[in-house]
Amino acid sequence: MIRRPDKAAMDEAVRLILAGELVGMPTETVYGLAADAFNAKACAMIFEVKARPSFDPLIVHLAQPDWLERVIAPGLSVETRRVAELLARRFWPGPLTLVLPKADAVPGIVTSGMDTVAVRIPDHPVALALMQALNRPLAAPSANRFGALSPTRAEHVLQGLGPVVPLILDGGPCSIGVESSILDLSRSEPRLLRPGGLSRELLQDALNITLPVEADSTENPLAPGQLKSHYAPATRLTLLGHSVNENEGDENAGLLAFTPLKVRHRYAHVEILSSDGNLAEAAARLFECLHRLDAMKLARIDAEAVPETGLGLAINDRLLKASRAFNSQQHPA
Ligand code: TXA
Ligand code: MG
C-alpha cells in the first residue's frame with residue numbers, strides 16, 4: 001500500500017521494520033526496498049521479493065556519519081579513514097556509496113558473503129526520519145525486480161513489486177533519479193564501481209586523482225552490480241550512437257530523446273529528457289520517461305546517447321545496460 005509519510009504511516013513503517021518486514025522508502029536517487037540491516041532474515045526477504053541473485057550485495061543506509069562505526073570494521077588504515085571521512089564530509093548526505101571493510105555485526109547475506117560493505121547516507125527527509133526513529137541502519141537495494149527499470153516514484157514500486165510490499169512511503173519523485181555512484185575504498189586505490197548521481201568529475205576533484213570506471217563484468221563475483229545488462233524496460237531498447245536524423249523511426253517505435261527534436265521524424269511517441277540539455281534534469285527524468293515509454297507497449301524504444309560528462313556518464317551507463325539486456329538474449333528480469 002502507498003501512503004503519505006505522515007506520523008501514522010511513519011509509525012507503521014517503524015513497526016514493520018522492527019517486525020522483520022520490508023518497507024518501500026524514498027531516497028533522492030531511486031526508491032529503496034528497506035529492511036533492518038542487522039536482521040539477516042529480513043534482508044534475505046529482499047532477495048526473494050526482488051528475485052535478486054544472492055551474489056549481488058545490498059547497500060546499507062545510515063542516518064548520520066557516526067553510525068559508520070556500527071557497520072564498518074574497526075582498525076581502518078589511516079589513509080582509508082582519511083579519504084572516507086573527507087568524502088563523507090563533502091558528499092553526505094548524498095548520492096555517493098562507499099565500499100569499506102565490514103563489521104562482524106553486518107550479516108553475510110547483506111554483503112553476499114564478502115568482507116566489505118557498501119554504505120551511504122541518503123539525502124531524503126523521509127529515509128532519514130525513518131532511520132532516526134528506528135535508531136538502526138537500513139539495507140536497501142532499489143525497489144524493483146532484479147534487472148528491471150529502477151523506480152523513481154512510489155507508483156513504480158507498486159507496479160514493479162506488487163502488493164507483497166506491505167507499505168510504500170510516498171516521498172514524491174526522486175530528485176536525482178539515478179542510483180548513487182559507488183566508490184570502492186577497500187583496496188589500495190579508490191575504484192569507481194558504478195557511475196551514478198554524484199559526477200565522476202566532482203569525485204576526482206575531491207580525491208585529486210583520475211578515476212577510471214571499472215570494466216563491466218558478468219562473471220567476477222568480486223565486482224557485483226557491474227553486470228553487463230540491467231535497468232531494462234520490457235520493451236526492446238536500442239541505444240542510438242547518434243542523435244536522431246531526418247525521417248528516422250517508425251510508427252511502432254518510441255524515442256527517448258536528450259533534447260527536443262529539430263528534425264521531422266516518424267516515431268509514434270517521443271519523450272524528451274531535458275528541454276535545454278541539462279544533464280541533471282535528464283537524469284532525474286530518465287527512469288520516469290522509460291517507464292512511460294515501456295507502458296505504451298511499443299515494438300521498440302530507441303534512445304539517444306547523451307554527452308558523456310557530469311551525470312551523462314551514469315545516464316549512458318544505464319541506457320547501454322538496458323540495451324544489452326536484449327542483445328544478449330538474457331532479459332534479466
Ligand atoms: O542510489 C542507490 O544506491 C540506491 C538507493 C536505494 O540507495 N540503491 C541501489 O541499490 O542502487 P542496488 O541494490 O540497486 O545496487 C547496489 C549495488 C549492487 O549491485 C552492488 O554492485 C553494489 O551496490 N555493492 C553493494 N555492496 C557491495 C560491496 N560490498 N562491494 C562492491 N559492490 C557492492
Ligand atoms: Mg538496482
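Criteria and thresholds
Residues numbered from 1 in each chain as written. Chains lettered and ligands numbered in written order. Predicted model: local features only at pLDDT ≥ 70, side-chain atom pairs only at ≥ 80, totals over all residues. Heavy atoms only, no water. pLDDT = per-residue confidence, 0-100. Contact = heavy atoms within 4.5 Å. Helix = DSSP H or I, 4+ residues; strand = E, 2+ residues; numbered from the N terminus. Buried < 20%, exposed > 50% of the residue type's maximum accessible area, 1.4 Å probe, protein only. Disulfide = S-S within 2.5 Å. Pairing = 2+ DSSP bridges. Axes fitted to C-alpha atoms, helices over the stretch in contact; angles between N-to-C directions.

K.L.:
How would you summarise the confidence of the model for the protein if you had to cite specific residues and measurements?
P.N.:
A residue-level look at the protein finds 93% of positions with pLDDT of 70 or above and a mean pLDDT of 93. Low pLDDT, under 50, characterises residues 219-223; the predicted model gives this stretch 3 contacts beyond four residues in sequence or across chains. Every residue in residues 329-333 is under pLDDT 50, and counting partners more than four places away or in other chains gives 16 contacts.

K.L.:
Explain the side chain of Asp317 to me, and be specific about the residues and the numbers.
P.N.:
With respect to the helices, strands and loops of the structure, Asp317 is situated in helix α10 (residues 312-327). We classify Asp317 as buried; its relative accessible area is 12%. Leaving out residues up to four positions away in the same chain, Asp317 has contacts with Pro195 and Tyr231.

K.L.:
Let's hear about the state of the cysteines: which residues, and what values?
P.N.:
This structure, assessed with the given rule, holds 0 disulfides. Looking at Cys289, it has no disulfide partner, and the nearest cysteine sulfur is the one in Cys174, 14 Å off.

K.L.:
Talk me through the sheet that holds strand β1 (residues 2-3); I want residue IDs and the actual numbers.
P.N.:
With respect to topology, 10 strands assemble into an open sheet ordered β1-β8-β2-β3-β7-β4-β6-β5-β9-β10, the strand pairing being mixed. Each edge of the sheet is formed by a strand with only one pairing partner; in this case those strands are β1 and β10 (191-194). Of the pairings in the sheet, the one linking β1 to strand β8 (residues 167-169) comprises 2 bridges and is parallel in character. When the bridges of β8 are listed, Ile2 appears paired with Ile168. The strands touched by helix α4 (residues 78-91) are β5 (96-101) and β9 (181-184); relative to β5, the strand with the most contacts, the crossing angle is about 160 degrees.

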